[in-house]
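So you can see what is in the structure, the chains are spelled out below.
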Amino acid sequence: MLENKDLLGIRYLSPFEILSIIHTAEKMKLKIDNKKLRENILENYNIVTLFYENSTRTKMSFSMAGKYLGAKVTDLGVATSSVNKGESLIDTGITLDQMGFDIMVIRHSMSGTANLLARNVKASVINAGDGINEHPTQALLDLFTIYEKKKNFQDLKVAIIGDIVHSRVARSNIFGLKKLGAEVVVCGPATLVDKNIECLGAKVTTDIKEALKDADVVMGLRIQLERQKGGLFPDLREYSQTFGVNKELMQYAKEDAILLHPGPVNRGVELTTELIDGEQSLIHEQVKNGVAVRMAIIDLLMERRKKDEVTDTKWPASGSLVQDGWEKRYIG
Ligand code: CP
């Protein structure tokens, strides 16, 4: 069961909520492989996806997740919508709300957009990535993938390597991993790591060998050229020579360490092809787990809606005291 009407960030989730998503995803994953286990538990429910930024994995996995549960999934097609005639986000949301959508999945380049939409619609809003703020469903699928292999988060060392400063994936993962008791070390060029990230409980280093030493989980992150204003490192080749993870560097991690990457991967930049397609890599499994986790999130949010009649007063609005309470209790 989830506490709030929306899923806007890992910072708002309790450890109990995170673990219930993971355990529900375990059951949902069975339905992906076995058609006989699928039930149309969300028949008559409607989901709309609003992607103001490009996506393959997140958008398509929400689409498949909704379909596996029997819901109808519609993509707004932002590029051909009335957004191009100047319609605001709030007016777009209110318009879709009137049509009866139960869930709105939104990705946007501006941080805070999902919260803004959630405050203005009755539908449950799921953040599919907002600017450099959070990408909660990616972190939840990463946590699920780690859980499947390691069965525990306590005292795991997770090394996150790459463009930390622009990464909503890193922020959401740090929130989640710290809540569940893991140690997190982030590493990249000084221009792509932010010392302030230490406030979230992660260690910061520019020494990749120190970051990888005895790691249980190694997570590569994409270099997000689209969010960089330029001049943050000389060129991709130089970046990959120092911070690209290869087989030699991977040997600093534990022998049974697993390798993750949210995708899309710039092969040969963040990770070598040998590692991406190697035995320690769970990058392809992450994609399947993304569908299972999104099925779990949709199911748990709709379970909440089924139990309580939705009224403006009954549901805690995004950024409300309920959510701030979780943040204070678990992040400090
Ligand atoms: N990991 C991720 O968000 O991928 P997409 O941009 O393809 O959705």
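For the structure itself, look to the data block above.
Just so you know, these numbers come straight off a predicted model, no measurement behind them. (Residues numbered from 1 in each chain as written. Predicted model: local features only at pLDDT ≥ 70, side-chain atom pairs only at ≥ 80, totals over all residues. Heavy atoms only, no water.)

Asker: I'd like a description of the packing of helix α1 (residues 15–33) against helix α11 (residues 283–307), backed by residues and values.
Answerer: Look at α1 against α11: their axes get within 7 Å of each other, and the N-to-C directions meet at 115°. Between α1 and α11, the interaxial angle falls into the category roughly perpendicular. Considering how the two elements wind past one another, α1 and α11 form a crossing that is right-handed. Residues Ser 20, Ile 21, Thr 24, Ala 25, Met 28, Lys 29, Lys 31, Ile 32 and Asp 33 of α1 touch α11, and the partners they reach there are Glu 285, Lys 288, Asn 289, Val 291, Ala 292, Val 293, Met 295, Ala 296, Ile 297, Asp 299 and Leu 300. Here the contact of α1 with α11 is composed, by residue class, of 11 nonpolar, three polar and six charged. (Axes fitted to C-alpha atoms, helices over the stretch in contact; angles between N-to-C directions. Helix = DSSP H or I, 4+ residues; strand = E, 2+ residues; numbered from the N terminus. Parallel < 35°, antiparallel > 145°, perpendicular 65-115°, else oblique. Left-handed = near helix turned anticlockwise from the far one by under 90°. Contact = heavy atoms within 4.5 Å. Nonpolar A, V, L, I, M, F, W, Y, C, P; charged D, E, K, R; others polar.)

Asker: I'd like a rundown of the site of the ligand, residues and numbers included.
Answerer: In the vicinity of the ligand, the contacting residues are Ser 55, Thr 56, Arg 57, Thr 58, Arg 107, His 135, Gln 138, Pro 262 and Gly 263. The backbone of Gly 263 places a nitrogen or oxygen atom 3.1 Å from a nitrogen atom of the ligand. Across the complex, the protein chains shield 90% of the 250 Å² of accessible surface that the ligand would expose by itself. In a pocket analysis with a 2 Å cut-off to the grid points, the ligand is assigned to the largest pocket. Considering only residue class, the shell around the ligand consists of one nonpolar, six polar and two charged. (Near = heavy atom within 4 Å. Polar contact = N/O pair within 3.5 Å; in protein donor to acceptor, adjacent residues only side chain to side chain. Areas by Shrake-Rupley, 256 points an atom, 1.4 Å probe, with all protein chains shown as cover. 1 Å grid on protein atoms, 1.4 Å probe; cavity = no way out; pocket = protein on both sides within 12 Å on 5 of 7 lines; lining within 4 Å. Sits in = over half its atoms within 2 Å of the grid points.)

Asker: Requested: an account of the nonpolar core, with residues and values cited.
Answerer: Membership of the largest hydrophobic core comes to 65 residues, with the highest contact counts inside it found for Ile 21, Ile 126, Leu 140, Ile 160, Val 186 and Ile 298. The dominant element in this core, judged by the number of residues it contributes, is α11, at 10 residues. Those residues in contact with Val 186, other than ones at most four positions away along the chain, are Ile 160, Ile 164, Ile 174, Ile 197, Ala 202, Lys 203, Val 204 and Thr 205. (Core = buried A, V, L, I, M, F, W, Y, C linked by side-chain atoms within 4.5 Å. Buried < 20%, exposed > 50% of the residue type's maximum accessible area, 1.4 Å probe, protein only.)

Asker: Describe the packing of helix α3 (residues 89–98) against helix α4 (residues 113–120), with residues and values.
Answerer: Interaxial distance between α3 and α4 falls to 9 Å at its minimum, and their mutual angle equals 45°. As judged from the angle between their axes, α3 and α4 are oblique. In this structure, α3 meets α4 at a crossing whose hand is right-handed. Where α3 approaches α4, its residues Leu 89, Ile 90, Gly 93 and Ile 94 are matched on the opposing element by Thr 113, Leu 116, Leu 117 and Asn 120. Among the residues making up the contact of α3 with α4, the classes are represented as five nonpolar, three polar and no charged.

Asker: For the sheet that holds strand β5 (residues 157–161), give the residues involved together with the corresponding values.
Answerer: Taken together, the five strands give an open sheet; going across it, the order is β7-β6-β5-β8-β9, and neighbouring strands pair in parallel fashion. Each end of this open sheet is capped by a strand with a single partner; those strands are β7 (203–205) and β9 (258–260). Taking each pair of neighbouring strands and ignoring which way they run, the sheet shows an average axis angle of 20°. Its contacts with the sheet place helix α6 (residues 168–179) against β5, β6 (183–187) and β8 (217–220), and it is angled at close to 160° to β6. (Pairing = 2+ DSSP bridges.)

Asker: How would you summarise empty space enclosed by the protein if you had to cite specific residues and measurements?
Answerer: Leftover empty space is mapped by rolling, across the atoms, a probe with the size of a water molecule. Here the structure, examined in full by the defined rule, presents one cavity of 30 Å³ or more. A volume near 60 Å³ is recorded for the largest cavity. (Points joined across faces, edges and corners; volume = space filled by probe spheres on them.)

Asker: Residues and numbers for the pairing of strand β3 (residues 103–108), please.
Answerer: For β3, a buried count of six out of six residues is recorded, marking the element as mostly surrounded by other parts of the structure. Taking every second residue as pointing to the same face, both faces of β3 are buried, with Ile 103, Val 105 and Arg 107 on one and Met 104, Ile 106 and His 108 on the other. Note that strand β1 (residues 46–51) and β3 share five bridges and pair parallel. Within β3, the residue paired with Phe 51 across the bridge is Arg 107. Regarding the hand of the β-α-β motif, the stretch spanning β3, α4 and strand β4 (residues 124–130) is right-handed. (Right-handed = clockwise from strand over helix to strand, strands pointing away.)

Asker: Provide a residue-level description of the environment of Met 295, including the pertinent values.
Answerer: Residue position: Met 295 is located in helix α11. Taking the C-alpha atoms as reference points, Met 295 and Ser 61, 234 residues apart in sequence, are found 8.9 Å from one another.

Asker: Explain the sheet that holds β1 to me, and be specific about the residues and the numbers.
Answerer: Pairing within the open sheet is parallel, and its four strands lie in the order β2-β1-β3-β4. The outermost strands of the open sheet, each flanked by one partner alone, are β2 (72–75) and β4. When the angles between neighbouring strand axes are averaged without regard to direction, this sheet yields 15°. As defined by bridge partners, β1 adjoins β2 across four bridges and the pair is classed as parallel. In the strand pairing of β2, Ile 47 is matched with Val 73.

Honestly, it's all geometry; don't read function into it.
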